[in-house]
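If you want the building blocks of each chain, they are given just below.
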Amino acid sequence: GSPNGITASTFDANWSEMGTQVVQQSAPLSLTSTRYGNDAMIAWSTPGDCHLARIAADTHNVRSFPCRNNRIASNFAEKSGQMVFEENGGVHRSDIMVGAHNDIANNNQLVPTGKSPRIVYDGKRYWVSYINTHGDITLGYLEEDGSLASMAIENVRPMDGAYDLAVIDGSVWLYAFDGDNRYSANKMCLTREGLDPTINSSI
């Protein structure tokens, strides 16, 4: 992404470049991507629109609302996904329905206040996190009705954007870096009592 728009480069199995293409000429405010089978799914926001493209499939979908600081995760088996983004001081969520009239299906408020959302798919459920009004991370998973079952990970207060979620061996990990040069890694577990963050390391 650049002031000239969105450009995609394609490589073969040996990492030989197969050419580049201009996906969209509009300059992005934010840009994110994820794997979708053997394709790449890219989402970006302009001041007034939200865009979602699949490069190999040569599709481009647009919705007339911005999706700033967006992140996406996909479930290739069900031809679906989820996108989280910032809007009106809170975190919103959109269902991604591949092959529908518009791959960006909707725009739903997930939480009224929050910023810097993240999302991953662990093969069973979507995990979402964001920075809450206290500066701590709130992390949880999406219920079937689209609501968020979550808890605050207290004293994990990263600088804006200086944290991420990752799925490692089927487990969800939260990595964060704060303004005091401290790094932490938390493994999320589901117990009968609910969510349980285990601090694996803090440096």
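Residues numbered from 1 in each chain as written. Predicted model: local features only at pLDDT ≥ 70, side-chain atom pairs only at ≥ 80, totals over all residues. Heavy atoms only, no water.

## Regarding the pairing of strand 16 (residues 171–177)
Move 1: The element strand 16 is extensively covered by neighbouring structure, given that five of its seven residues are classed as buried.
Move 2: Sheet analysis places strand 15 (residues 163–168) next to strand 16, joined by six bridges and oriented antiparallel. The residue of strand 16 that forms the bridge with I168 is S171.
Move 3: Between strand 15 and strand 16, which pair antiparallel and follow one another directly, the connecting turn spans two residues, one of which, D169, has a positive phi of 55°. (Buried < 20%, exposed > 50% of the residue type's maximum accessible area, 1.4 Å probe, protein only. Helix = DSSP H or I, 4+ residues; strand = E, 2+ residues; numbered from the N terminus. Pairing = 2+ DSSP bridges.)

## Describing the environment of T133
Move 1: For T133, the position within the fold is in the loop between strand 12 (126–131) and strand 13 (137–142).
Move 2: With a relative accessible area of 60%, T133 lands in the exposed category.
Move 3: C-alpha separation for the pair T133 and T113, spaced 20 residues apart in sequence, amounts to 6.8 Å.

## Quick look at the pattern of salt bridges
Move 1: Per the counting criterion, the structure on display carries seven salt bridges.
Move 2: One salt bridge connects R157 with D136, and the closest N-O pair in it is separated by 2.6 Å. Taken together, the residues R157 in the loop between strand 14 (148–153) and strand 15 and D136 in the loop between strand 12 and strand 13 connect sequence positions 21 residues apart.
Move 3: The buried category is assigned to D136, whose relative accessible area is 5%.
Move 4: With a closest N to O distance of 2.9 Å, R182 and D178 form a salt bridge.
Move 5: Look at R182 and you get partly exposed, because its relative accessible area is 45%.
Move 6: Salt bridges linked by common partners bring R71, R118 and D164 together as one network. (Salt bridge = Lys/Arg side-chain N within 4 Å of Asp/Glu carboxyl O.)

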